[in-house]
Amino acid sequence: NAGVTQTPKFQVLKTGQSMTLQCAQDMNHNSMYWYRQDPGMGLRLIYYSASEGTTDKGEVPNGYNVSRLNKREFSLRLESAAPSQTSVYFCASSEAGGLGGKLFFGSGTQLSVL
Amino acid sequence: AQSVTQLGSHVSVSEGALVLLRCNYSSSVPPYLFWYVQYPNQGLQLLLKYTTGATLVKGINGFEAEFKKSETSFHLTKPSAHMSDAAEYFCAVSESSGNTPLVFGKGTRLSVIA
């Protein structure tokens, strides 16, 4: 079982460049999430999608956009990258039954913005 | 709104000693509570969770946690630490209604000394 797959694993951008982080899950989960992890800050929610066709802002949405392409895929886009967006990004999905269930995480994308 | 406080960003124990990682939560409705573990360069994986029923929950790798409503706590324990337990541990809370995503604490890094 692949679970949650994120690409790329590493990325270096220059300030102002754009990129899209891809995420796909093969567990038929309704809900998907994007978190960022920074030292001493834990995981902070960027955006989430409770179901196909819906997206909502999390705690730190500024500078990001998302697309729930279908039930399997949930992408995160940085339109104009800034050094403050240097972080490790995790995609996750959760079992049916609402937003508060067990999360399954991808292995992360380490992003550096110079 | 929910929140999680993990006391101690870094805990160090000797191999064979008791592990105690503290977590206090704030929630206006009955919570679901989780502990996740993150090994270096990996995503997070679930250790254990409390939803309803028995307040002492057992997880993987010999860890357990007790939900204490009167203390709004969900501390993680393990009787005897192994070197392989060295990792970062995150406490998380969500509403039992299933209407809100998980909120994570800032994490506690556990070091195990031989």
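Attention here is on the structure that accompanies the text. (Residues numbered from 1 in each chain as written. Chains lettered and ligands numbered in written order. Predicted model: local features only at pLDDT ≥ 70, side-chain atom pairs only at ≥ 80, totals over all residues. Heavy atoms only, no water.)

1. Some details on the overall build of chain A
Phase 1 of the analysis: Looking only at helices and strands, chain A features 0 helices and 11 strands.
Phase 2 of the analysis: Tracing chain A from N to C terminus, the helices and strands come up as β-β-β-β-β-β-β-β-β-β-β.
Phase 3 of the analysis: The C-alpha radius of gyration computed for chain A amounts to 13 Å, which stays within 12% of the reference 13 Å derived for 114 residues, consistent with globular compactness.
Phase 4 of the analysis: If one aligns the C-alpha atoms of chain A with their principal axes, the spans along those axes are about 40 × 30 × 25 Å. (Helix = DSSP H or I, 4+ residues; strand = E, 2+ residues; numbered from the N terminus. Rg over C-alpha atoms; globule rule 2.2 N^0.38 Å.)

2. A look at the interface of chain B and chain A
Phase 1 of the analysis: Taken together, the contact pairs 20 residues of chain B with 21 residues of chain A.
Phase 2 of the analysis: At the surface where chain B touches chain A, the tally comes to 0 salt bridges.
Phase 3 of the analysis: Secondary structure elements with two or more residues in the side of chain B that touches chain A: strand 4 (31-38), strand 5 (44-50) and strand 9 (87-95) of chain B.
Phase 4 of the analysis: Classifying every residue of the side of chain B that touches chain A gives 9 nonpolar, 8 polar and 3 charged. (Contact = heavy atoms within 4.5 Å. Salt bridge = Lys/Arg side-chain N within 4 Å of Asp/Glu carboxyl O. Nonpolar A, V, L, I, M, F, W, Y, C, P; charged D, E, K, R; others polar.)

3. Notes on the sheet that holds strand 1 (residues 3-7) of chain B
Residue and element names in this part refer to chain B.
Phase 1 of the analysis: The strand order across the open sheet built from 5 strands is 1-3-8-7-6, with neighbouring strands paired in antiparallel fashion. The open sheet has two free edges, formed respectively by strand 1 and strand 6 (56-58), since each of these has just one partner strand. On average, each strand axis in the sheet is inclined to that of its neighbour by 20°, with strand direction left out of account.
Phase 2 of the analysis: Note: strand 7 (residues 64-68) against strand 8 (residues 73-78), 5 bridges, orientation antiparallel. Its bridge partner lying in strand 8, alanine 65 is registered against leucine 76. (Pairing = 2+ DSSP bridges. Axes fitted to C-alpha atoms, helices over the stretch in contact; angles between N-to-C directions.)

4. Describing the packing of aromatic side chains
Residues and elements named next belong to chain B.
Phase 1 of the analysis: Tallied over the entire structure, the rule returns 13 aromatic pairs over all chains.
Phase 2 of the analysis: For the ring pair tyrosine 50 and phenylalanine 67, a centre distance of 4.4 Å and an interplane angle of 25° mean the geometry is stacked. One end of the pair, tyrosine 50, is in strand 5; the other, phenylalanine 67, is in strand 7, with 17 residues separating them in the sequence.
Phase 3 of the analysis: Residue tyrosine 50 is classed as buried on the basis of its relative accessible area, which comes to 9%.
Phase 4 of the analysis: On the basis of an interplanar angle of 45° and a centroid distance of 5.5 Å, the ring pair of phenylalanine 63 and tyrosine 89 is categorised as tilted. One end of the pair, phenylalanine 63, is in the loop between strand 6 and strand 7; the other, tyrosine 89, is in strand 9, and 26 residues separate them in sequence. You'll find phenylalanine 63 and tyrosine 89 in the same group, each marked buried. (Phe/Tyr/Trp six-rings, centres within 6.5 Å; stacked < 30°, edge-to-face > 60°. Buried < 20%, exposed > 50% of the residue type's maximum accessible area, 1.4 Å probe, protein only.)

5. Looking at the sheet that holds strand 1 (residues 4-7) of chain A
Residue and element names in this part refer to chain A.
Phase 1 of the analysis: Ordered in space as 1-3-8-7, the 4 strands form an open sheet in which the pairing is antiparallel. Taken across any chain shown, the strands that pair with only one partner, and hence form the sheet edges, are strand 1 and strand 7 (64-68). In this sheet, neighbouring strand axes are inclined to one another by 15° on average, regardless of whether the strands run parallel or antiparallel.
Phase 2 of the analysis: As paired elements, strand 7 and strand 8 (residues 74-78) share 5 bridges and run antiparallel to each other. In the strand pairing of strand 8, valine 66 is matched with leucine 76.

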